[in-house]
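# A look at the structure
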Amino acid sequence: MHHQQLKPAEAASLPRHLLEAHVVALVRRCCPGLLALRAAHARLIRLRLPRLTAAFALSKLLASSSSSSCGAAPSYARNLFDQIPEPTAFCYNSLIRALSSAAGVAPAADTVLVYRRMLRAGSPLPNSFTLAFALKACSVVPALGEGRQLHSQAFRRGLEPSPYVQTGLLNLYAKCEEVALARTVFDGMVGDKNLAAWSAMIGGYSRVGMVNEALGLFREMQAADVNPDEVTMVSVISACAKAGALDLGRWVHAFIDRKGITVDLELSTALIDMYAKCGLIERAKGVFDAMAERDTKAWSAMIVGLAIHGLVEVALKLFSRMLELKVRPNNVTFIGVLSACAHSGLVNEGRRYWSTMQELGIKPSMENYGCMVDLFCRSSLLDEAYSFVTGMAIPPNSVIWRTLLVASKNSNRFDIVQSASKKLLELEPCNPENYVLLSNLYASNSQWDRVSYMRKKMKENNVNVVAGCSSIEINGYLHKFVVSDDSHPEIKEIRLLLREIADRVVRAGHKPWTAAVLHDVGEEEKEVALCEHSERHGSWLPALTGNATTMSIVGVYSTARQIFR
DNA sequence: ATAGGGTTAG
């Protein structure tokens with residue numbers, strides 16, 4: 001009965017519960033996939049089901065089209081919903097669930113509209129499913145305003161105690177980087193906290209870079225006897241990657257193996273990212289090679305990792321392999337490819353990849369444009385860089401203008417300097433970095449009137465230079481340092497050690513750049529030293545990815561540690 | 001009657 005075609009005549013004679021069983025089986029069999037769903041839809045129409053069973057069938061189709069395994073189908077879901085004469089809560093909930101897979105900011109706005117429509121209709125009333133799905137839609141955007149409206153709805157309707165609503169709220173705040181709000185929900189959870197809540201909270205801390213909090217909570221979770229799974233571990237590993245905490249990352253990887261946690265696609269990608277960011281590109285490659293299947297993100301993580309290690313040829317070869325295997329690259333993949341070209345001055349190759357990107361129909365992101373500007377600037381093709389910037393399809397951001405400005409400051413292209421600095425101050429009148437950059441630029445040309453003008457403008461805009469900071473992981477704890485901050489309890493020992501390292505670098509006959517960075521030198525020299533460093537090794541240390549002014553003495557220490565390794 | 005939280009690359 002379940003596996004054979006049912007004819008309209010037979011359908012008419014079947015009792016309702018058997019018909020419904022048939023509908024359930026039919027819809028279940030065709031999932032996932034929108035096409036199969038449409039075919040099932042057509043067959044159900046041909047059966048000319050009685051009114052109630054037809055509504056039931058439409059509800060089942062709607063629920064199926066809203067599941068994530070079906071692929072994005074919000075418009076189909078709307079279509080189905082509109083055919084249901086008296087939608088139940090189940091129908092509303094499925095429609096809201098389907099909306100969360102739409103692109104852009106639409107899910108949040110549409111969700112609120114559907115929710116309002118439900119309230120206006122007077123019945124059915126929203127239940128915990130409604131809120132859980134609606135909150136999910138707001139989390140994917142993420143949309144804090146809409147989410148807060150839903151929070152107050154949950155409270156007013158007494159649906160707040162539901163663990164699914166709670167996790168939905170917690171996740172919403174975590175996605176919006178409102179960790180304090182997320183923590184309030186987390187702490188207020190009644191009874192035992194479930195795995196999803198722990199994972200969402202750890203993920204929230206990791207997302208905003210509160211690494212110690214993320215790892216601390218991971219320990220608390222184990223103390224509370226909640227067993228982490230592969231989803232939890234993705235956040236934990238990603239926290240290690242953010243911190244550049246290699247020792248900790250290796251320990252966590254060993255933990256994953258010891259506990260027999262499945263290293264799936266996502267966790268492998270997180271591990272690749274972690275090893276690459278922590279400087280162990282070979283281990284990253286090892287994880288990549290061991291993967292059973294690799295999606296765009298996994299390939300991108302590997303290619304970007306190789307690129308930042310300066311392993312340009314390997315990165316580009318891997319990209320060709322990716323194309324051969326018909327994995328579709330996206331703009332992030334091209335960040336890796338283009339930055340690889342920029343790193344080693346492959347201008348023509350970079351241009352070629354840029355057209356490849358166009359041919360593949362990938363719309364360049366700001367970062368992609370940034371890679372090209374960087375590519376031209378590093379090869380001293382200022383004219384090309386400038387005309388590229390002015391011809392961009394989207395308005396260039398401050399990063400682009402800063403790249404151009406730094407590249408042209410030692411040239412005689414005052415027109416570029418002029419226009420770039422003007423744009424920069426328009427776009428970011430409150431970023432101290434720009435004032436430092438421009439002051440230094442004018443000072444080096446002895447344009448003292450302009451230097452003091454900069455100072456005046458800073459005062460006008462109430463801009464204060466904030467100290468850059470850096471961090472290093474030692475024995476599983478992240479130590480933070482701020483430029484010229486001596487408050488670290490072991491600052492004396494740290495300074496002594498740095499001096500020792502500097503001496504050893506010189507004695508070992510290394511280029512003096514390392515020593516230059518280690519001693520208290522001017523920003524300009526640090527910048528030169530960093531450029532040389534990047535060319536030689538790729539900028540694999542997170543501590544060094546900021547500009548020279550945001551680099552603290554301990555950031556340098558970790559560089560030196562890597563060199564001696 | 002029918003369904004549900006958390007994760008990944010720049």
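Residues numbered from 1 in each chain as written. Chains lettered and ligands numbered in written order. Predicted model: local features only at pLDDT ≥ 70, side-chain atom pairs only at ≥ 80, totals over all residues. Heavy atoms only, no water.

## Brief notes about the environment of Leu 215
- On the secondary structure map, Leu 215 appears in helix H13 (residues 211-223).
- Judged by relative accessible area, Leu 215 falls into the buried class, the value being 5%.
- When the C-alpha atoms of Leu 215 and Ala 245 are compared, they prove to be 11 Å apart, with 30 residues separating the residues in sequence. (Helix = DSSP H or I, 4+ residues; strand = E, 2+ residues; numbered from the N terminus. Buried < 20%, exposed > 50% of the residue type's maximum accessible area, 1.4 Å probe, protein only.)

## What to know about the layout of surface pockets
- Here the second largest pocket defines a volume of roughly 1,100 Å³.
- Lining the second largest pocket we find 35 residues, and of these Lys 136, Ser 139, Val 140, Asn 171 and Lys 175 sit closest to its centre.
- For the lining of the second largest pocket, the secondary-structure elements that each account for two or more residues are helix H4 (51-66), helix H6 (89-99), helix H8 (128-140), helix H10 (163-175), helix H12 (195-207) and helix H14 (230-243).
- Taken together, the residues of the lining of the second largest pocket break down into 12 nonpolar, 18 polar and 5 charged. (1 Å grid on protein atoms, 1.4 Å probe; cavity = no way out; pocket = protein on both sides within 12 Å on 5 of 7 lines; lining within 4 Å. Points joined across faces, edges and corners; volume = space filled by probe spheres on them. Nonpolar A, V, L, I, M, F, W, Y, C, P; charged D, E, K, R; others polar.)

## Topic: the protein's contact with DNA strand B
- What surrounds DNA strand B is a group of 41 residues, the closest being Phe 56, Thr 167, Lys 175, Asp 229 and Asn 330.
- A breakdown of the atoms of DNA strand B within 4 Å of the protein gives sugar and phosphate a share of 38%.
- In the environment of DNA strand B, a sugar or linking oxygen lies 3.2 Å from a nitrogen or oxygen atom belonging to the side chain of Asn 171.
- One of the side-chain N or O atoms of Ser 300 is found 3.5 Å from a base nitrogen in DNA strand B.
- Of the residues in the surface near DNA strand B, the class split is 15 nonpolar, 14 polar and 12 charged. (Near = heavy atom within 4 Å. Polar contact = N/O pair within 3.5 Å; in protein donor to acceptor, adjacent residues only side chain to side chain.)

## Structural notes on the pattern of salt bridges
- With the rule as written, the count across this model stands at 13 salt bridges.
- Put simply, Asp 289 and Lys 285 hold a salt bridge, and the shortest N to O gap is 3.2 Å. One end of the pair is Asp 289 and the other is Lys 285, both in helix H17 (residues 281-290) and 4 residues apart, which spans about a single turn.
- Across the pair Arg 413 and Asp 415 runs a salt bridge, and its minimum N-O distance is 2.9 Å.
- The partly exposed category is assigned to Arg 413, whose relative accessible area is 21%. (Salt bridge = Lys/Arg side-chain N within 4 Å of Asp/Glu carboxyl O.)

## Some thoughts on the packing of aromatic side chains
- A full pass over the atoms with the stated rule returns 12 aromatic pairs.
- With 5.2 Å between their ring centres and 80° between their planes, Phe 186 and Trp 198 make a pair best called edge-to-face. Taken as a pair, Phe 186 in helix H11 (residues 179-187) and Trp 198 in helix H12 lie far apart in primary sequence, 12 residues in all.
- Taking relative accessible area as the criterion, Phe 186 reaches 2% and is therefore assigned buried.
- Ring centres 5.4 Å apart and planes at 55° place the aromatic pair Trp 354 and Tyr 369 in the tilted group. Note that Trp 354 is positioned in helix H21 (residues 347-359) and Tyr 369 in helix H22 (residues 366-378), a separation of 15 residues in sequence. Pair check on accessibility: Trp 354 and Tyr 369 agree, each one buried.
- Through pairs of rings, three or more aromatic residues link up here, namely Trp 354, Tyr 369, Phe 376 and Phe 388. (Phe/Tyr/Trp six-rings, centres within 6.5 Å; stacked < 30°, edge-to-face > 60°.)

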